[in-house]
Amino acid sequence: MTATTPVAIVDIGSNSVRLVAYQALTRAPTPIFNEKVMCGLGQGVVTTGRLPKEGVEKALKALRRFRALCETMQIREIIAIATAAARDAANGAAFLEAARAALGCDILLLSGGREAELSAQGVASAIHAADGVVGDLGGGSLELIDLGPDGRLGGGVTLPLGGLALMDASGRSPREAVRIARKALAGAAPLEKLRGRAFYAVGGTWRALARLHMRQRTYPLDVMHNYRIQTSEAAEFAELVERVDSEALTDIASVSAARRPLLAYGAIVFDEIIRRAKPKEIVISAAGVREGILFERLSEAERRADPLLCAARELDRLLARAPGYGDDLIAWTDAFLESSELDESADEKRLRHAACLLSDVGWRAHPDYRAQQALNIITHGAFVGVDHPGRAFLALAVVFRHQGPEGEGAFPVRALLTTRLLVRARVLGAAMRVAYLLSASMPGVLPRAPLRVRKGKATLTLPAARADLLSDRLNARLKALGRLIGLDAAVRVETGD
């Protein structure tokens, strides 16, 4: 398999069976097809010990469809996995044999420990410098594992607290479900290391809960990955979901009917984890086992690469007028900021680099709507490795590049930025406006027209051969940039080529 060959993962879970096809195996893989079928394979396994006949039939039908879809997409590499329901049921082996025939490839049955490891690898691949405990809640089980900022994994545990399993074991009694969850979590070693750190929540039920929370607070960015909830607020919301009928919750229509009965049980486990371990915050991860599988298949060098910059560079290659200009802009702004007195953290620098690569993604839109087009592409892009304030920074920096430093208008994502990041976005957008008039977004120009701060003045130097680039408009944009950083600004034309 090469870096341009599509790959598919089929995930046979306790609640759903899913196919995700990716454009290629890369550091920032882009899904090209994603479909799930709610089969409920884990329904009743706790009480009967067997996979339900109806669920098996639904799953096999879905797998035959997935096989046909992979043939249509000319995908030859299919990685298929099965988890708790097939692992725990007495008829699990027979089901897997039939599933192999339906899908046309082997299926790997994951142990609980292996599932925990892959889930943590998925989080590590998609959240920058993740540090905390990963909890992957499926229909049949809950996996918990410690994840360090260097990607180090602790020992994982698996508990029978999946939504379907807990609903069955408790006889649909919320009070009994609380008792079961509390007892099971009491001996969970990874939770001992969670206090004051982040809890990374993986799994469809927890994502559904987070989406309801997001809609309840009219959150300005409709992206689930890396959505963060303060612990006290998460606990209050979980208690609300436990108490009320799910149909009464605000915007419940955003949750599939098949998943709604599981919300209260997911909330119970959520609440008990918070009460026992007292994490600093809850972070929702859309990446888990599937992404962990892909991450493990990369080389060591590829795993070390920054997924945000990889994704931004790919968008630069696909959408910019002239691929390569973004790298020129990175080097040009590097030199400018290094010569200025503006301090910049490592995280701010990587965001600036990503924004430079994304600076021209909206150029094909009508000039009046380029800012809006860029905002839509960046805020809702299928890339990872950036939190929500970071997305807002990237988007608004490019909005300022098109509309000027005061151009964010009524864009709601403005509310996600600190004052410092907003100022940074304005400065970067103003610098991009200068660079555009110099280069027309073409590579090879900016390296010959450096912008430096010298003797308290921002000076743009043009070689004599490029003197005709000087204009009133260029001067006005340069002075606007200077005002943002509190410096005079001027153009200097060299006397020789």
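Residues numbered from 1 in each chain as written. Predicted model: local features only at pLDDT ≥ 70, side-chain atom pairs only at ≥ 80, totals over all residues. Heavy atoms only, no water.

As a further point, take the overall build of the protein. Across its full length, the protein carries 19 helices and 14 strands. The C-alpha atoms of the protein give a radius of gyration of 26 Å, which matches the 23 Å a tight globule of 497 residues would have. Judged by the C-alpha coordinates and their principal axes, the protein covers about 85 × 50 × 40 Å. Scored against the burial criterion, the 497 residues of the protein give a buried share of 56%. Within the protein, residue pairs in contact and separated by at least 24 positions form 70% of the contacts whose partners lie at least 6 positions apart. Accessible area for the protein stands at about 21000 Å²; split by element, carbon and sulfur atoms hold 51% of it. Charged side chains in the protein number 65 positive and 56 negative. The centres of these two groups are separated by 2 Å. (Helix = DSSP H or I, 4+ residues; strand = E, 2+ residues; numbered from the N terminus. Rg over C-alpha atoms; globule rule 2.2 N^0.38 Å. Buried < 20%, exposed > 50% of the residue type's maximum accessible area, 1.4 Å probe, protein only. Contact = heavy atoms within 4.5 Å. Areas by Shrake-Rupley, 256 points an atom, 1.4 Å probe, with all protein chains shown as cover. Lys, Arg positive; Asp, Glu negative; His and termini not counted. Charge placed at Lys NZ, Arg CZ, Asp CG, Glu CD.)

Turning our eyes to something else, we now look at the pairing of strand 7 (residues 142-147). Consecutive residues of a regular strand have side chains that alternate between opposite faces of the sheet. The element strand 7 is largely enclosed, with a buried count of 6 among its 6 residues. Judged by which residues are buried, strand 7 turns out to be covered on both faces: Leu142, Leu144 and Asp146 on one side and Glu143, Ile145 and Leu147 on the other are all buried. Here strand 6 (residues 132-137) runs beside strand 7; their pairing, made up of 6 bridges, is antiparallel. Following the sheet pairing, Val134 is matched in strand 7 by Ile145. Count of turn residues in the strand 6/strand 7 antiparallel hairpin: 4 residues. Where strand 7 and strand 8 (residues 157-159) come together, 3 bridges link them in antiparallel fashion. Bridged to Leu144 within strand 8 is Val157. (Pairing = 2+ DSSP bridges.)

The next point concerns the packing of aromatic side chains. This structure, assessed with the given rule, holds 3 aromatic pairs. When the centroid spacing of 5.6 Å and the interplanar angle of 75 degrees are considered together, the rings of Phe199 and Trp206 count as edge-to-face. Overall, the relative accessible area of 0% leaves Phe199 in the buried class. For Trp206, a relative accessible area of 0% puts it in the buried group. (Phe/Tyr/Trp six-rings, centres within 6.5 Å; stacked < 30°, edge-to-face > 60°.)

The next point concerns the side chain of Ser125. Residue placement: Ser125 occurs in helix 5 (residues 112-126). On the basis of relative accessibility, which here comes to 7%, the residue Ser125 falls in the buried class. Apart from the residues lying within four places of it in its own chain, the contact partners of Ser125 are Arg27, Glu291, Phe295, Pro307 and Val384.

If you look at the biggest cluster of nonpolar residues, it comprises 110 residues, and the most contacted ones within it are Leu142, Phe199, Trp206, Trp332 and Leu394. Element by element, the count of residues in this core is highest for helix 18 (residues 419-439), at 11 residues. One finds Ala8, Val17, Ala62 and Ala99 within the second-largest nonpolar core, a separate group that totals 31 residues. (Core = buried A, V, L, I, M, F, W, Y, C linked by side-chain atoms within 4.5 Å.)

Take His225: it is sitting in the loop between helix 8 (204-216) and strand 10 (228-230). Once residues within four sequence positions are removed from consideration, His225 is found in contact with Ala126, Ile127, Ile284, Ser285, Ala286, Ala287, Val384 and His388. Within polar-contact distance, the side chain of His225 engages the backbone oxygen of Ala126 at 3.0 Å. (Polar contact = N/O pair within 3.5 Å; in protein donor to acceptor, adjacent residues only side chain to side chain.)

With 6 of 6 residues buried, strand 6 lies mostly within the body of the structure. Here strand 6 runs beside strand 9 (residues 198-202); their pairing, made up of 5 bridges, is parallel. Paired with Gly135 across the two strands is Ala201, which belongs to strand 9.

With that settled, the discussion passes to the sheet that holds strand 14 (residues 488-493). The pairing of strands in a sheet comes from backbone hydrogen bonds and takes either a parallel or an antiparallel form. If you walk across this open sheet you meet the 3 strands as 12-13-14, and the pairing is mixed. Both edges of this open sheet fall to strand 12 (451-454) and strand 14, since each of them pairs with a single strand only. With direction set aside, neighbouring strand axes in the sheet form an average angle of 30 degrees. As defined by bridge partners, strand 12 adjoins strand 13 (residues 457-462) across 4 bridges and the pair is classed as antiparallel. Residue pairing for strand 13: Arg452 is matched across the bridge by Thr459. (Axes fitted to C-alpha atoms, helices over the stretch in contact; angles between N-to-C directions.)

The end-to-end C-alpha separation of helix 9 (residues 231-243) is 19 Å, in line with the 18 Å expected for 13 residues at 1.5 Å each. Taken together, the buried positions of helix 9 are occupied by Thr231, Ala234, Ala235, Phe237, Ala238 and Val241. Down the axis of helix 9, the smallest arc covering the buried residues is 165 degrees, so these residues share one side. Exposed side of helix 9, more than 90 degrees from the buried face: Ser232, Glu236 and Arg243 are the residues found there. (Expected span 1.5 Å × (residues − 1). Arc of directions from axis to C-beta.)

What follows deals with the pattern of salt bridges. Here the structure, examined in full by the defined rule, presents 33 salt bridges. Residues Arg114 and Glu117 are paired through a salt bridge, measuring 3.4 Å at the closest nitrogen-oxygen approach. Here the residue Arg114 and the residue Glu117 both occupy positions in helix 5, the gap between them amounting to 3 residues, near one helical turn. Here Glu117 falls in the partly exposed class, since its relative accessible area comes to 34%. Here Arg303 ties to Glu300 by a salt bridge, and the two come within 2.7 Å at their closest N and O atoms. Of this pair, Arg303 and Glu300 both sit in helix 12 (residues 300-304), 3 residues apart, which is roughly one turn of that helix. Exposure remark for Glu300: the relative accessible area of 45% places this residue in the partly exposed category. Among the charged side chains, a salt-bridge network with shared partners connects Asp131, Asp146, Arg152 and Arg197. (Salt bridge = Lys/Arg side-chain N within 4 Å of Asp/Glu carboxyl O.)

On to the environment of Gly13, then. Here Gly13 shows up in the loop between strand 1 (7-12) and strand 2 (16-22). Considering only alpha carbons, one finds Gly13 and Glu77, 64 residues apart in sequence, at a separation of 20 Å.

What follows is about the sheet that holds strand 10. Pairing is mixed across the open sheet formed by 6 strands, whose spatial order is 8-7-6-9-11-10. In the strand order of this sheet, the two ends are held by strand 8 and strand 10, each with one partner. Between one strand axis and the next, the sheet turns by 25 degrees as a mean value, whatever way the strands run. Bridge count for strand 10 against strand 11 (residues 281-285) is 3 bridges, and the pairing is antiparallel. Considered in strand 11, the bridge of Ile229 is made with Ile282.

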